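Results of the structural survey
Chain by chain, the residues:
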Amino acid sequence: MKKIVLLGQPNSGKTSLFNLLTGASQEVGNWPGVTVEIKEGKCRIHNETYTIIDLPGVYSLSPFTMEEKVTRDYLLEHNDIRIINVLDANHLERQLFLTFQLWLLGKPMIIALNMMDEVEQKGVMVDTEKLSSITHSPVAQIVARTGKGLTRLTDMFVLDTVSTQPNHPLLNPEFNLIHPLFSQIRNRIGKDKKDSTLDFQAFQLLLSPDLLDQKQHSLTTSEITELKKSIVNWEQTHHQKLSEYLYQTIYTWTKSIETQITKYTREKPIAQSLDQKMNRFENWILHPWIGVVIFAVVMFLLFQAIYFTGGFLKGYLEILLSAINRGILHLQSPLWQSFLSRALLQGVGNIILLLPFIFSSFLFLSWLEDIGYLSRAAYVMDRFMHKLGLHGKSFIPLILGFGCNVPAVMACRTMETEQEKIKTMMMVSFIPCSGRLPVLLAMCGLLFPRSAGLWMFILYLLGILISVLTAFILEKTLIHSPPGELIMELPPYRWPYFKNNLKSAIQKTKQFLVKAGTIIFLVSVLIWFLSYFPNPSDFGGSTSALGTLGKWVAPVFSPLGFDWRLTVSLISGFVAKELILSTVSILFNQSAGNMTGLFAFFSRGTLLAFLIFQLLYTPCLATVASIKNESHSLNWALFSVIWSSSVAWIFAWAIHFLV
């Protein structure tokens, strides 16, 4: 099976093209670090099946960040691939820097000029034939968001790989000054003359001589010393750092290419783009104080929109589940009635009932990503993160944590230092993930029916504030680290493409539903079984197996007003947060759409304390395992459990005592 590798800088539209080719909906973010793993998909073109590989978005192939290392290692280890280099046609000078390095790999390459609709809107024409003649690579103009130009691109898949070998850019006269040094390094590391990546490896050493100390090329100590001396001699002779010369010369060369292949076809663009329109507000959006207010307003409106849209759609699911429940009540077997009604409908069905809210949250967050706002939120938060010994880059895992804490913890590996990574992981533990969302939705609807959206916003804000407080305490006690500087690209504002947003939201909701249909179902069945036996007449009562288990642990939570049933639901939530609502529904015979029956068992203050506790207490088992793996320390994993549960207990006790 033939392999096609997609490569490009962040925000070039690479993953959108991957989704277009494979029909998959992967995470598309406007910052580096969102897509660290390698993703694969299949597509069939001209009666041939191709494996499409989506590599992380990188600015270069220097192995200094996790994304760069993953991408470089994959390219060096795989020979049977063809590269599609996706370029944002709006910024060719900068984008061609990565292209320059890809040319040195000597692998068959196709250049995909993306976002041509924006280029044409500006009144710019790109001469693809000229670019193809310069690079000796086929070039296609595409719009990955809409699929325009896709046929032209896929027609190039069947081209002879020899004819798509790129030209060697270092042979150009612009680089005459380094030809002798380049040849010396290439010959030293070129003990395997058949290695087609020698040019690339030699260039890497020119660009970053420090890589010689990593001894990746089986060079002797004397050979390394000799090459270092040659580099120092070159720099002394030309009164310039070698890396500075290379960057300057490459960008001069890429600028000349951009000048040759682009020209304006009219003086004024057809119409202003969204990015041009938003430029007048950029100073406000990025303002250190006004920007925070704007961020708060955006989040508030987000929760209001989620409740409005989700509430509209939930009614149809309630009708369907009610009809199914009426059918179950006609069954003759009390065992099957109990199993289907309690374990299935109340265990899993109540989670399904909240799918409209979960779908809406994924959809609206996808819009904010596509528009380009979330990366600006990270920039705005940079000032506050500095006070915690962090920088705005730590805000990225926190944003990811609203979806799931596990990938958020994994994203912490992009932090510059180990101290920053640990602090950010401890912060992630308090970010309300989508697993906590069902309980928040149901309980806010119960306790605050007229202002549920507002209280959802307040609770999310509380989670964020405790997260920040945790980092502040760690900075002042266990972990002190001076923050680095935040360097990140602010993508242009773009109108979201509804079709892609819809596909992404459906895919993520489907993944959530699969989770509800597996682990949540299995644990729901276990809870039903322990509640039903050994005394079916006392379902979920003190004489059931679950009641006996719950009463062992209940004394820890009795000061909060929780009985053994609420205690058991919190224990099940350690496996997966969604199970809290399923367990409560089973044990109290409640529906997520109407849980007013809980007021017969608990006061409003106790239920609010329960809501606060589940918001703040230990992250799920998968997140704790991720913290252990990423920190390489069981102690930090246990700390996250003990610290978050202690904070949750104190807040819940205060709420129960005061309300």
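Please read all numbers here as calculations on a predicted model, not as lab measurements.

1. A word on the overall build of the protein
On a plain count of helices and strands, the protein comes out with 28 helices and eight strands. Split into buried and exposed, the 659 residues of the protein put 55% on the buried side. Relative to all contacts within the protein whose residues are 6 or more apart in sequence, the contacts with residues 24 or more apart total 74%. Counting only carbon and sulfur atoms, one obtains 62% of the accessible surface of the protein, whose full area is about 28500 Å².

2. Concerning the nonpolar core
Core analysis: the biggest nonpolar cluster contains 93 residues, and Phe 562 and Phe 613 have the highest contact counts within it. Aside from chain neighbours lying at most four places away, what touches Phe 562 is Phe 557, Thr 567, Leu 570, Thr 606, Ala 609, Phe 610 and Phe 613. Membership of the second largest hydrophobic core comes to 59 residues, among which are Val 58, Leu 98, Leu 104 and Val 126.

3. Here we look at the pattern of salt bridges
Overall, the coordinates contain 13 salt bridges when judged by the stated rule. With its nearest N and O atoms 3.6 Å apart, the salt bridge here joins Arg 188 to Glu 223. Note that Arg 188 is positioned in helix H7 (residues 179-189) and Glu 223 in helix H9 (residues 221-238), a separation of 35 residues in sequence. Linking Lys 255 and Glu 258 is a salt bridge whose minimum nitrogen-to-oxygen distance equals 3.4 Å. You can see Lys 255 and its partner Glu 258 sitting in helix H10 (residues 242-261), three residues apart, about one turn around the helix.

4. Some thoughts on the sheet that holds strand S5 (residues 109-114)
Spatial ordering of the open sheet is given by S2-S3-S1-S4-S5-S7, a layout of six strands whose pairing is mixed. Of all the strands in the sheet, just strand S2 (39-45) and strand S7 (139-141) have a single pairing partner and so form its edges. Within the sheet, the average angular offset between the axes of one strand and its neighbour, ignoring direction, is 25°. The pairing of strand S4 (residues 81-88) with S5 spans six bridges and is classified as parallel. Opposite Asn 85, over in S5, you have Ile 111 as the bridge partner.

5. Notes on the side chain of Arg 436
Looking at where Arg 436 falls in the secondary structure, it is placed in the loop between helix H19 (418-428) and helix H20 (437-447). Reaching out from Arg 436, the side chain makes a polar contact with the backbone oxygen of Gln 614 at a distance of 2.4 Å. Apart from the residues lying within four places of it in its own chain, the contact partners of Arg 436 are Ser 429, Ile 431, Lys 577, Gln 614, Leu 615, Leu 616, Tyr 617, Thr 618 and Pro 619.

6. Some words on the packing of aromatic side chains
For the coordinates displayed, the defined rule picks out 23 aromatic pairs. Residues Phe 97 and Tyr 247 carry aromatic rings whose centres are separated by 5.5 Å and whose planes lie at 25° to one another, so their mutual orientation is stacked. Of the two residues, Phe 97 is situated in helix H3 (residues 92-104) and Tyr 247 in helix H10; the sequence distance between them amounts to 150 residues. Judged by its relative accessible area of 34%, Tyr 247 falls in the partly exposed class. Between the aromatic rings of Phe 588 and Phe 602, the centroid separation amounts to 5.7 Å while the plane-to-plane angle is 70°, which identifies the pairing as edge-to-face. Here Phe 588 is found in helix H25 (residues 578-588), whereas its partner Phe 602 is found in the loop between H25 and helix H26 (604-616), with 14 residues between them in sequence. Neither Phe 588 nor Phe 602 differs from the other in exposure class; each is buried. What links up through ring pairs into an aromatic cluster is the set Phe 100, Trp 103, Phe 175, Phe 203 and Trp 253. Directly above the ring of Tyr 617 sits Lys 577, whose terminal nitrogen or CZ lies 3.7 Å from the centroid.

7. Considering the side chain of Arg 376
Structurally, Arg 376 can be placed in helix H16 (residues 373-386). Polar side-chain contacts of Arg 376 include one of 3.1 Å to the side chain of Glu 282. Not counting residues up to four positions away in its chain, the partners in contact with Arg 376 are Glu 282, Ile 285, Leu 286, Leu 490, Pro 491, Pro 492 and Tyr 493.

8. Topic: a nonpolar patch on the surface
There is a patch of nonpolar side chains on the surface, built from Trp 653, Phe 657, Leu 658 and Val 659 and spanning about 480 Å² of accessible area. Residue position: Leu 658 is located in helix H28 (residues 634-658).

9. Here's the deal with the environment of Ala 202
As for its placement among the helices and strands, Ala 202 is situated in helix H8 (residues 198-207). Owing to a relative accessible area of 0%, Ala 202 belongs among the buried residues under this scheme. Placed 13 residues apart in sequence, Ala 202 and Ile 189 show a C-alpha to C-alpha distance of 7.6 Å. Every residue in contact with Ala 202, bar those within four places of it in the chain, is listed here: Phe 182, Ile 185, Arg 186 and Ile 189.

10. Some details on helix H1 (residues 14-22)
Counting buried positions along H1 yields eight of nine residues, so the element is predominantly enclosed. What H1 keeps buried is the set Lys 14, Thr 15, Ser 16, Leu 17, Phe 18, Asn 19, Leu 21 and Thr 22. Where H1 ends, the next residue or the one after it, Gly 23, has phi of about 80°, a positive value.

11. Points about the confidence of the model for the protein
When pLDDT is averaged along the protein, the result is 80; 83% of the residues meet or exceed 70. Scored below 50 in pLDDT, residues 25-35 shows 42 contacts in the model against residues more than four places distant or in partner chains.

12. Things to note about the pairing of S4
Burial runs high along S4: eight of the eight residues are buried. Every second residue of S4 is oriented toward a common face, with Ile 81, Ile 83, Asn 85 and Leu 87 on one face and Arg 82, Ile 84, Val 86 and Asp 88 on the other, all of them buried. Here strand S1 (residues 2-8) pairs with S4 via six bridges, running parallel. When the sheet's bridge partners are listed, Val 5 is paired in S4 with Ile 83. In terms of handedness, the path from S4 via H3 over to S5 forms a crossover that is right-handed.

Rules used throughout
- Residues numbered from 1 in each chain as written.
- Predicted model: local features only at pLDDT ≥ 70, side-chain atom pairs only at ≥ 80, totals over all residues.
- Heavy atoms only, no water.
- Helix = DSSP H or I, 4+ residues; strand = E, 2+ residues; numbered from the N terminus.
- Buried < 20%, exposed > 50% of the residue type's maximum accessible area, 1.4 Å probe, protein only.
- Contact = heavy atoms within 4.5 Å.
- Areas by Shrake-Rupley, 256 points an atom, 1.4 Å probe, with all protein chains shown as cover.
- Core = buried A, V, L, I, M, F, W, Y, C linked by side-chain atoms within 4.5 Å.
- Salt bridge = Lys/Arg side-chain N within 4 Å of Asp/Glu carboxyl O.
- Pairing = 2+ DSSP bridges.
- Axes fitted to C-alpha atoms, helices over the stretch in contact; angles between N-to-C directions.
- Polar contact = N/O pair within 3.5 Å; in protein donor to acceptor, adjacent residues only side chain to side chain.
- Phe/Tyr/Trp six-rings, centres within 6.5 Å; stacked < 30°, edge-to-face > 60°.
- Lys NZ or Arg CZ within 6 Å of the ring centre and 35° of its normal.
- Patch = residues over 30% accessible without salt bridge, like charges linked within 9 Å, V, L, I, M, F, W, Y side chains within 5 Å.
- pLDDT = per-residue confidence, 0-100.
- Right-handed = clockwise from strand over helix to strand, strands pointing away.

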